[in-house]
Amino acid sequence: MVNVENPIIVEQNYCPDDQNCHNQGRYLLCTATLAVQSFKNPALTLHIDGTLVAPSNYNVIGNSGTWINFQRVTGVSVIGGTLDGQGANLWACKNSGKSCPTGATTLAFYNSKNIMINGLSSINSQKFHILVYGSQNAKLVGVKVSAPGNSPNTDGIHVEKSTGVTIMNSKIGTGDDCISIGPGTSNLWIENVACGPGHGISIGSLGWELQEPGVQNVTVKSATFTGTQNGVRVKTWARPSKGFVKYVLYQHLVMVNVENPIIIDQNYCPNHQNCPHQVSGVKISDITYQDIHGSSATEIAMKFDCSKGNPCSDINLEDVKLTYKNEPAHSSCINADGKTSGLVQPNNCLYN
Ligand SMILES: *[C@@H]1O[C@H](CO)[C@@H](O)[C@H](O)[C@H]1NC(C)=O
C-alpha cells in the first residue's frame, strides 16, 4: 500500500445530503468498494445476514458501474445473505425507450484472486447480478439469482477475461443470459445449474473487437433449462476478429420447452448495424454435445449457423435427443463440420 487514501474501506453510509437513501426496514447500502487488499491468513470473509438493499432511485447508483465492488483483492469470501438491486424502476425506464442510466452491476470482482461466493442470493439487479472480470480462481456455490423474464440486461453471472472460475449448485432466473461468458475466459466449470427464465448459458457475444482473446476449456455439466430462449449458445458478431472458441464440453443437459436448445450463431448483428456484409472472424472448434435431451419450443432444436469465412470444425454430437411437440425436432447447419456418435435426433446435418 503506497500512499493510498483509503487502504481498506467498506462504506455503508454513503448518502450525500441524506437524500435518496430512505431506510426500508432492511439494510440500505448505497455503494461499497473494497480495493487493493490481499487477505491470506486469515482470509477475509464477509457474512451477510438479511438483505442489503440498493437505493430505489436508480439515479443514485445507475451510472456508477457497480453497486458492491471488489477490485484487486485476494482471498475474499462472501457468504450468505440477499442483495436486492431494486432494478424495477430502471427496467421500466429502459423498456419505455427513454434515455436512462446504464444501470449498476450488483456485485463485481475485478482483477481479483481466490474468491468464494457461497449461498448468496441476488435479486432484481439493475444490470448484471454478478460479474467476475480479470480474475483467477473464483468459486461460486449455491448462488440464487432471480429477476423477471422481461428485465433487460439482468444477466445472472457474467465471466470475462478470467481463468479457473467454478459455478456450482446454483439456480438462476433472469431477463437475459443465466450465465454469459465473455472474451478471454478459460478453464470455466459450470455444474448443476438450473436456468430459467432467461436466455440460457451463452458464450458471447464475442468478436466485436479485432484483437480479442479467445475462450477455451469450458465445461457445462448437469444443467437444466426451463422455458428459456436458448439452452447452450455460442454467439459471435459478424465482424472481423482474431477471437476463438475451443474445447467446450456440454454434458448431461436437460431442456424443457427451450426455444433454441443448441445454437451457434455467428451472424449476430442486431438491426444490421456495425457489421453489414461482413463475416465473423471468430474460429469455433472442438465443441462437444454429450447426453442432451428434452423438448424444444420451436421446430429447429439444433442450429449451427457458422461463419462463411471461418467454418465451425470438430463439432461432436453424442446421444442427443430433442423433440418438438413430441416428434423428433429438426436441425439446421451452415458451414459446420463435425461428427456424431450414438443416437442423434434431430438428424445430423453436419458435413464430415
Ligand atoms: C480445464 O479446466 C478445468 C477446470 O474447469 C481444469 O481442471 C483443467 O485442468 C483444464 N484443462 C486444461 C487442459 O487446461
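The rules we used
Residues numbered from 1 in each chain as written. Predicted model: local features only at pLDDT ≥ 70, side-chain atom pairs only at ≥ 80, totals over all residues. Heavy atoms only, no water. Helix = DSSP H or I, 4+ residues; strand = E, 2+ residues; numbered from the N terminus. Buried < 20%, exposed > 50% of the residue type's maximum accessible area, 1.4 Å probe, protein only. Polar contact = N/O pair within 3.5 Å; in protein donor to acceptor, adjacent residues only side chain to side chain. Near = heavy atom within 4 Å. Areas by Shrake-Rupley, 256 points an atom, 1.4 Å probe, with all protein chains shown as cover. Nonpolar A, V, L, I, M, F, W, Y, C, P; charged D, E, K, R; others polar. UniProt positions renumbered as here; feature names shortened; annotations may be inferred. Contact = heavy atoms within 4.5 Å.

## Topic: the side chain of Thr106
Here Thr106 shows up in strand β7 (residues 105-110). Under the relative-accessibility criterion, Thr106 is labelled buried at 1%. Within the local environment of Thr106, its side chain forms a polar contact with the side chain of Ser125, the two groups lying 2.7 Å apart.

## Section: the site of the ligand
Neighbouring residues of the ligand: Asn187, Leu188, Trp189 and Asn217. Asn217 places a polar side-chain atom, nitrogen or oxygen, 2.3 Å from an oxygen atom of the ligand. Coverage of the ligand by the protein amounts to 38% of the 360 Å² it exposes when considered alone. If one sorts the elements of the shell around the ligand by residue count, strand β16 (residues 186-195) sits on top with 3 residues. For the shell around the ligand, the residue count by class is 2 nonpolar, 2 polar and no charged.

## Thoughts on the UniProt feature "active site" (unreviewed entry) in the protein chain
Here the UniProt feature "active site" (unreviewed entry) sits at His199. Mapping His199 onto the fold places it in the loop between β16 and β17 (201-206). Discounting chain neighbours no more than four positions away, the residues touching His199 are Gly175, Asp176, Asp177, Cys178, Gln229, Asn230 and Arg233. Polar contacts involving the side chain of His199 include one to the main-chain carbonyl oxygen of Gly175, which spans 3.3 Å.

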